[in-house]
Amino acid sequence: MHTVLIDDDMTSIFLMRLLLQREEFADSITSFQSAQEALGYLQQAPVPELPKVILLDLNMPVMNGWEFLEALQPVAPHVLDHTRIYILTSSLAQTDLTRAAQNPLVTRLIHKPLDKSEIELIKSETTE
């Protein structure tokens, strides 16, 4: 399963990549430290190259996770036919949870750090 990680923190990307590989979650992992780069990739990617899962950090400079989701709107139908977006955040703000639940692009909000049980849940949701 192709997975895209979007997080400005290289340590977080490294740890998520390690966990996803250890749990045999993804056969292909593409990571971006910039939401803008990830957006460009998704806008240009042919359908067979679209990821099955996107793990999106909320708190990033220049373009945060919410801004990324807003910018993704024009290509959302093309992307969402093939991709599920999960927000990863260390924020405990109820507003983020509510906003994620109300956003049709977001499958679910997950509190960092990502763990084995969340990976199993994502696996089950993506094979439905």
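What you see is a predicted model, and the numbers here were worked out from it, not measured in a lab. Starting afresh in each chain, residues are numbered from 1 along the sequence in its written order. In view of the model being predicted, local features appear only for residues whose pLDDT reaches at least 70, and side-chain atom pairs are presented and counted only at 80 or more, with totals across whole chains, interfaces and linings using the full set of residues. Derived side-chain values reflect all non-hydrogen atoms in the structure, with water molecules and hydrogen atoms excluded from consideration.

A ring pair, where both rings are aromatic, is described by two values, the distance of the centres and the angle of the planes. Stacked, edge-to-face and tilted labels apply to pairs of Phe, Tyr and Trp rings (six-membered ring for Trp) whose centres lie within 6.5 Å, assigned for plane angles under 30 degrees, over 60, and everything in between, in that order. What the rule picks out here adds up to one aromatic pair. Where F32 meets Y41, the ring centres are 5.3 Å apart and the plane angle is 45°; that geometry is what we call tilted. Taking relative accessible area as the criterion, Y41 reaches 21% and is therefore assigned partly exposed. Only protein chains enter the accessibility calculation, which uses a 1.4 Å probe; a residue whose area is less than 20% of its type maximum is buried, one above 50% is exposed, and one in between is partly exposed.

Time to look at the sheet that holds strand β2 (residues 28-32). For two strands to be treated as a pair, DSSP must find no fewer than two bridges joining them. Here a strand is any run of E in DSSP of at least two residues, a helix any run of H or I of at least four, and the numbering for each starts at the N terminus. Judged by pairing direction, the sheet is parallel, and its five strands sit side by side in the order β2-β1-β3-β4-β5 without closing on themselves. Each edge of the sheet is formed by a strand with only one pairing partner; in this case those strands are β2 and β5 (106-111). Within the sheet, the average angular offset between the axes of one strand and its neighbour, ignoring direction, is 20°. By the bridge criterion, five bridges tie strand β4 (residues 84-89) to β5 in an arrangement that is parallel. Bridge pairing in β5 places L88 opposite I110. To obtain each axis, a line is fitted to C-alpha atoms, and for helices this fit is confined to the stretch in contact; angles are then taken between N-to-C directions over 0 to 180 degrees.

Let's shift gears to the UniProt feature "domain: Response regulatory" (unreviewed entry) in the protein chain. UniProt positions are given in the numbering used here, feature names are shortened, and annotations may be inferred rather than shown by experiment. As annotated by UniProt and renumbered to match this structure, "domain: Response regulatory" (unreviewed entry) occupies residues 2-127. Spanning residues 2-127, this segment combines 44% helix with 21% strand, and its end C-alpha atoms are found 13 Å apart.

As a further point, take the side chain of T83. Summarising the element assignment, T83 is placed in the loop between α4 (76-80) and β4. Under the rule applied, a polar contact is a pair of N or O atoms within 3.5 Å (in protein, one hydrogen donor and one hydrogen acceptor; residues adjacent in sequence only if both atoms are side-chain atoms). A distance of 2.5 Å separates the side chain of T83 from the backbone oxygen of P51, its partner in a polar contact. Beyond its immediate chain neighbours, meaning those up to four positions away, T83 contacts L50, P51, K52, V53 and I54. Any pair of residues with heavy atoms lying within 4.5 Å of one another is described as a contacting pair.

In this section: the pattern of salt bridges. When a carboxyl oxygen of Asp or Glu lies within 4 Å of a side-chain nitrogen of Lys or Arg, that pair is called a salt bridge. One pass over the structure, following the stated rule, counts six salt bridges. A salt bridge links K112 to D57; the shortest N-O distance between them is 3.2 Å. You can see K112 sitting in the loop between β5 and α6 (116-126) and its partner D57 sitting in strand β3 (residues 53-57), a full 55 residues away along the chain. We classify K112 as partly exposed; its relative accessible area is 28%. Classification of D57 by relative accessible area gives buried; the value is 6%. With a closest N to O distance of 3.6 Å, K123 and E120 form a salt bridge.

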